[in-house]
Structure formats: C-alpha cells, structure tokens
Amino acid sequence: MSTPVYQRILLKLSGEALLGGEDYGIDPLILERIAGEIREVNGAGVEVAVVIGGGNIFRGAGLAQSGIDRVTGDHMGMLATVMNSLALQDALEKNGTAARVMSALAIHDVCEDYIRRRAVRHLQKGRVVICAAGTGNPFFTTDTAAALRAIEIGADIVLKATKVDGIYTADPKLVKEASRYESLSYDEVIEGKLRVMDANAIVLCREQEMPIRVFNVFEPGNLMKLVTGHPVGSIVH
C-alpha cells in the first residue's frame, strides 16, 4: 500500500449515493461497501470526516416546489441527513471503525452537537466524524456544509463522491461527445456553470484555497487511490 498524501480529508456523499439499486431509502449493500472503503482509508492513518446529503429521503428544495414552506422543507431535509448519518455510523461500527455523528441541530438523544474542537479531537483519536444536519440553517445545501466543515476542521481536501468519474463539459449520460476535465480553477467552474457543487460552496473553497476532487464513488478502491495520490477524477483548485 502506498503512503497517504493527505492527513485529513472531508468526504462529501450525496444521499442519492446510498440508494444503490433502490428507488428510495438506503441500499444496505452500498452502505456496507462505502463503510468498508472508509475503514480502509481510516486504517491507513488518514483522518476522515464525512458530510452526507439527504436527497434519498427528503430534499428541502423539492419539497418547497410541492408547496411545503421552504424553511420547513429544509429542516426536514436536515433530519434526513441525520438518518443517513446514523446509518453510516452503524455500518462503520459493525466493521470495527469508531465513528461519531455530530449534528448542527441539537438532537442529544441520538447524536452529539457539532462543536469544532470536539470534532477535531475525535479525528485526532482516529474516529470517523460524520457531520449531520448540514449547516443547521435553511437555504444552505450540504455542499456548502461540506465546504464549511472542511475549512473549520482544517481538512487537506474535499472529496466529492459522485456517480461519474470527474467533471465533464456536459452530462456524459446525455452528451456522448462530452469530455472530462483533469483540472480546472474555481473561477472556471463558476463561469462555466458546471454542476460540481453549488456556487456558495465553490466560492467558500476558493476564498480559503480548499481543493475539491470529484470522483466516482461506485468504482471500488477509488477512495484509497485518491488518498495515496493517484489522479482519480477531476480536481478544482
């Protein structure tokens, strides 16, 4: 095994990544595989924080379009991320990896409050920290939460897990001629309106010089390849 090039990473998982072959909810097989890859990376000495979306259960913006108040919808979406986070914590603990769910919303009976210093201490002790409930505020996506948490905890990089192997000029599923970027700048992402992360997250990463690497989480072994320096996917810096 190669030596890791990162000491601390922030892994951003969409809620949809947990769907697998399901139409709704969580595919246990996908959850187990992702937990196994996190365990492998954590076992190599890399400190791992995770931010998970809730789109497989509820998406605030989508609920708002159906008539639910946007703030209420976003709060429901935050609770969905807590559910996903608890599921990932359970999967990690079953494979022998210590994990803590830390929520931006106070839900003391099921998880800890997110406190930056405590999160950093958990990481230093080798525990995987799963940051739930986004930023705790409506109108902010979990992409923005991932950028914020990565900066707060001093992560070396944000790893954005997707269903495609990087950033393309267009949706490769719809446009066969779409080409993949190896590397591009924050400004190129914003000006090109490339759907990497939302604009708030990109601007925040640009201001704090936090690199983002987009990769295919469904390709087994990609996470370990990334942390050991292999140029998997596309990087924004």
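Preceding block: the structure.
Residues numbered from 1 in each chain as written. Predicted model: local features only at pLDDT ≥ 70, side-chain atom pairs only at ≥ 80, totals over all residues. Heavy atoms only, no water.

J.: Looking at this model, I keep getting lost on the overall build of the protein. Mind explaining?
T.: Within the protein, the regular secondary structure consists of 8 helices and 11 strands. Here the C-alpha radius of gyration of the protein, 17 Å, is about what a compact globule of 237 residues would show, namely 18 Å. Overall, the C-alpha framework of the protein stretches about 50 × 50 × 35 Å when taken along its three principal axes. For the protein, the residues scored as buried account for 50% of the 237 residues in total. Contacts in the protein between residues far apart in sequence, at least 24 positions, make up 71% of those at least 6 positions apart. (Helix = DSSP H or I, 4+ residues; strand = E, 2+ residues; numbered from the N terminus. Rg over C-alpha atoms; globule rule 2.2 N^0.38 Å. Buried < 20%, exposed > 50% of the residue type's maximum accessible area, 1.4 Å probe, protein only. Contact = heavy atoms within 4.5 Å.)

J.: Explain the nonpolar core to me, please; I cannot follow it from the model alone.
T.: Side chains of nonpolar character tend, in soluble globular proteins, to be buried together. Grouped together as the largest cluster of nonpolar side chains are 39 residues, with contacts concentrated most on Ile9, Ile38 and Leu88. Among the elements of the structure, β1 (8-13), α1 (28-43), β2 (47-52), α3 (70-94), β3 (99-103), β5 (128-132), β6 (157-162) and α8 (222-227) are those that each provide at least two residues to this core. With residues up to four places along the chain from it excluded, the contact list for isoleucine 9 reads Val41, Val46, Glu47, Val48, Ala49, Ala155, Ile157, Leu159, Leu223 and Val227. Counting 31 residues, the second largest nonpolar core, distinct from the first, contains Tyr114, Ala145, Ile153 and Ile212. (Core = buried A, V, L, I, M, F, W, Y, C linked by side-chain atoms within 4.5 Å.)

J.: Just checking my understanding: could you explain the packing of α1 against α3 for this structure?
T.: To describe two helices that pack against each other, one gives the angle between their axes and the distance between the axes. As a packed pair, α1 and α3 sit with axes 9 Å apart at the nearest point and diverge in direction by 60°. The two elements α1 and α3 cross, and the hand of that crossing is right-handed. Of α3, the residues touching α1 (which contributes Leu31, Ala35 and Ile38) are Ala87, Leu88, Ala91 and Leu92. (Axes fitted to C-alpha atoms, helices over the stretch in contact; angles between N-to-C directions. Left-handed = near helix turned anticlockwise from the far one by under 90°.)

J.: Even after reading the chapter, I still don't get unusual backbone geometry, so can you show me in this structure?
T.: Leave glycine aside and you will find that most residues have negative phi; peptide bonds, for their part, are mostly trans. With phi around 70°, alanine 133 is a residue other than glycine that occupies positive phi space. Within the element layout of this structure, alanine 133 appears in the loop between β5 and α5 (142-153). Unusually for a residue other than glycine, lysine 193 sits at a positive phi of about 50°. With respect to the helices, strands and loops of the structure, lysine 193 is situated in the loop between α6 (186-191) and α7 (199-208).

J.: So what exactly am I meant to see when it comes to the pairing of strand β10 (residues 212-216) here?
T.: Side-chain positions along a regular strand alternate between the two faces of the sheet. Extensive coverage of β10 is indicated by the burial of 5 of its 5 residues. Both β6 and β10 contribute to a ladder of 5 bridges, which runs parallel. If you follow leucine 159 over to β10, its bridge partner there is arginine 213. The pairing of β10 with strand β11 (residues 234-236) spans 3 bridges and is antiparallel. Considered in β11, the bridge of valine 214 is made with serine 234. (Pairing = 2+ DSSP bridges.)

J.: What exactly am I supposed to notice about the pairing of β6 here?
T.: Of all 6 residues making up β6, 6 are buried, and the element is well covered by its neighbours. With burial as the criterion, each face of β6 is covered, one bearing Ile157, Leu159 and Ala161 and the other bearing Val158, Lys160 and Thr162. For β1 and β6, the ladder comprises 5 bridges, and the chain directions are parallel. The partner of leucine 10 across the bridge, within β6, is valine 158.

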